[in-house]
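Spelled out, the chains give:
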Amino acid sequence: MFERTDRQMGAFSLEGSNHFPRIEKLLEKYWQCVPEVDIERARIYTDSYKRTEGEDVLLRRAHAFKDYCEKRSIHINEDQLFMGDAAAKPRAGAVDPIFHAGWLSQEVRTISTRKQDPYLISDEDIEELETSIFPYWKGKSVSEHWIRQIPPYIKELAVKTGIIDVEIKTQSAAGETAPYWEKAVEKGLCGIRADVEAHLNAMDLSDPEDFEKADFYTASLITLDGLIAYIQRFAELAEETAAAEKDEKRKKELELMAENCRVLTKEAPQTFWQALQLVYFILVGCLMEGNGPSYSPGRVDQYLYPFYEADIREGRLTVAAALELIEAFYVKAAETTWFLSENAVMYFAGYQPFHSLIVGGIDKHGADATNELSYLFLTAKMDVQLHGPSVCVRAHRQSPEDFLIHVARLARLGTGFPAIYNDEVAIKMMLLSGGTMEEARDYQMVGCVEPFMGGKMAKWSDGGHYNFAAAMEFVLTNGHSLMNGNKLLGVQTGDPEKMSFEEIKDAVKKQLAYMINAISICANVNEKVCAQLTPYPFVSTFLEGTLETGKDLTVGGVKYTIGPALIGTGIADLVNSLSAIRKHVFEDKTITMGQLIDTLKDNFEGKEDLRLLLQNKTPMYGNDIPEVDALAGEMTDYAYSVISSKKSWRGPHFISGLYPVSSHVPHGLVIGALPYGRLAGKALADGCSPNGGTDHDGPTAVLKSVSKINHEVHTSGTLLNMRLDPTSVKGDAGLNRITHIIRTFVDLNIYHIQFNVVSSEVLKAAQQAPEEHKSLIVRVAGYSAYFTELCKEMQDDIIHRTVHQA
């Protein structure tokens, strides 16, 4: 770890709580923000699309982007050190009409009162949407095209049933990606623009293939010019604001901010501040192009370190000043949100945009890469306890002990940060995705838990979520969904009363294969529609391979095109159900299969004694019971084998993941009672985590159970949530307990772990008095959210999770 005496530390504290007055003011203003609907983008995009009727879709998209950059309102927040905004106001949902017009036209008058992630909207904006914007876009949105093209039997299963979740993907631009940050900060916007122009000038327009590539290069140049114009506008605004500023200190800051922008419009960044400002402008550009999730800053401690080190060495920056810049950057990142429909938001609750940055890990040559910035980005998160950006850590067997202690300091604050990833497993995932060893070692995170070779991949987005628990229910009901009006939504696998235990497992696999097949069809239709309607020239410009191929990411132009991912939810529910059937029906014979099915259909009504028997006497996942944990390995391996056999519209095979976002709650709402004693409608287990209350043998037993899953083949990531008793992690001994769990997790070849460190008493108090706990952050799944902004079902799920002594 760096020596404080070497670096002009001032009042800086490595342990956090630095209390910069500026940051305190910014946080105070942040908490006054109420999410609103912002229609400015819808207005500008609609006007642009009307003017460009008949043009190539790539150029229409690019012109609309440039128009938005040049015409949208801009402002500089008082006290802020960074400029640029994803929407007109902090935390606002910017309406992208090609993704939102379909569902928003149905929900615009109820969006301010929905139970999860409501947005305020004025009567004037409603009127403008209904009279000027929705009529133009009627029938033209991605979701409307998608719904018309999926087969009817698939629509029956996939739309608003809770069995599989696909509809959300039709409301989102290409997300879950990360620009090639090393190239961006090395070359700057003008350097990248020069590269694009060189490719365009080399085209022979008489060649049909070159003619098509020329459209991509032209669109790319238009979007780059748009962002440069946007930055130029901020330079002018900062100069005007500085001229009128009376406070000399703030005047100087505004002049420097203007100079930062001037530099970024003409050349590569020269300082740490300029490099971080460029990162934020590019993130804003990605968000302006479409309503996409998780445009991630990546390995910030690696590509920003040369700027930081040079600034420190040459006296332009102190460590404390660098920390304040990072904290101001965090506040800006937390102001962005991902705008979704009422149904979709239940699967991604909490106004979370899913920007993920990551520190630590090894470098391209296999050596530990931890540096001073690794510590600073963690310390900043201790000081700025907001839900975004998501701060992640790469851990490995040689991770420095003092670094892991610092990780533990952040973890025990109870915000759910950082998420921790195992280098060895993640690198195997990236090698399986086609990367070289050097590229794999340089992985970062996007979305919740997805590993990613920064700037080199296009996973695009998750293709959808499928429901392991539904597969179990469909076996017991011969394909019918009890809580969807007893509709036949699964495949008919026969009479379960006539099956052996092995035949029941085989039937479960048939149900899983049916759901996975349905999602793959939905995802392929969505990818086709997006390629036709919504190419992404701006985002694609910052991904390796697109300039060489002359194609954007929607048609496979990136160096590594993978996925999308199909994500399983509730593996513990399936495993525990199978374990209960094996023990109580086949081994102990305490109940017949017919009696069990009847009891489940009645939701254990009048059979509480039986429910408690099943709940208390069933060997459960999460307790290091080999024969139970083997079921988790078997079922997830099977799901992976089916998923990887399916080919996506862009060419590669689908990839597998085991993480829920927040889908485990709505997926659970539509599943009836299950054989291990779970009542109907209760949340499912999240990711690879055990069901709440069923893992009673401590954290090491949980880790051993989770290790029986072959994490590396699920190349979109797996997720493990663990809740720790705050009293067990107090003091230095508590920090050591957390680091011991991290070391064990690495040794057991588990991919991911994260902690909630908050008492049930605090959570219940927040339910009762939300206004007194607005800043309480919890880990939902692969992301954190404000507890009081979650609906009661999600709050109850977090309260119900097992509390472990570290």
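Residues numbered from 1 in each chain as written. Predicted model: local features only at pLDDT ≥ 70, side-chain atom pairs only at ≥ 80, totals over all residues. Heavy atoms only, no water.

### Here we look at the sheet that holds strand 16 (residues 752–756)
Note on sheets: strands pair through backbone hydrogen bonds, and any given pair is parallel or antiparallel. The sheet built from six strands is open, its strands ordered 3-4-5-16-15-19 with mixed pairing. Of all the strands in the sheet, the pair left with one neighbour each is strand 3 (356–360) and strand 19 (803–804). Pairing between strand 3 and strand 4 (residues 390–395): five bridges, direction parallel. Within strand 4, the residue paired with Ser356 across the bridge is Ser390. On the sheet, helix 16 (residues 372–383) packs against strand 3 and strand 4 and is oriented at approximately 130 degrees with respect to strand 3. Against the sheet, helix 30 (residues 731–747) engages strand 4, strand 5 (419–422), strand 15 (721–724) and strand 16, with an angle of about 160 degrees to strand 16. (Pairing = 2+ DSSP bridges. Helix = DSSP H or I, 4+ residues; strand = E, 2+ residues; numbered from the N terminus. Contact = heavy atoms within 4.5 Å. Axes fitted to C-alpha atoms, helices over the stretch in contact; angles between N-to-C directions.)

### Examining helix 5 (residues 123–137)
Because each turn of an α-helix spans 3.6 residues, side chains separated by three or four positions in sequence point in the same direction. Here helix 5 contains 15 residues, and its C-alpha end-to-end distance of 20 Å stays within 8% of the 21 Å for a straight helix at 1.5 Å per residue. The axis of helix 5 is deflected most strongly, by about 40 degrees, at Leu129. A positive phi of about 80 degrees marks Gly139, the residue just after helix 5. (Expected span 1.5 Å × (residues − 1). Bend = angle between axes of the 7 residues up to and from the residue.)

### Some words on the pairing of strand 15
Walk down a regular strand and you will see the side chains alternate between the two sheet faces. Going residue by residue along strand 15, you find Asn721 and Arg723 tucked away on one face and Met722 and Leu724 tucked away on the opposite face as well. Strand direction decides the pairing type here: strand 15 and strand 16, joined by three bridges, are parallel. Its bridge partner being in strand 16, Asn721 is matched across the sheet by Gln754. Remark: the strand 15/helix 30/strand 16 crossover connection has right-handed handedness. Bridging between strand 15 and strand 19 involves two bridges; their strand directions are parallel. By the bridge assignment, Leu724 is partnered in strand 19 with His804. (Buried < 20%, exposed > 50% of the residue type's maximum accessible area, 1.4 Å probe, protein only. Right-handed = clockwise from strand over helix to strand, strands pointing away.)

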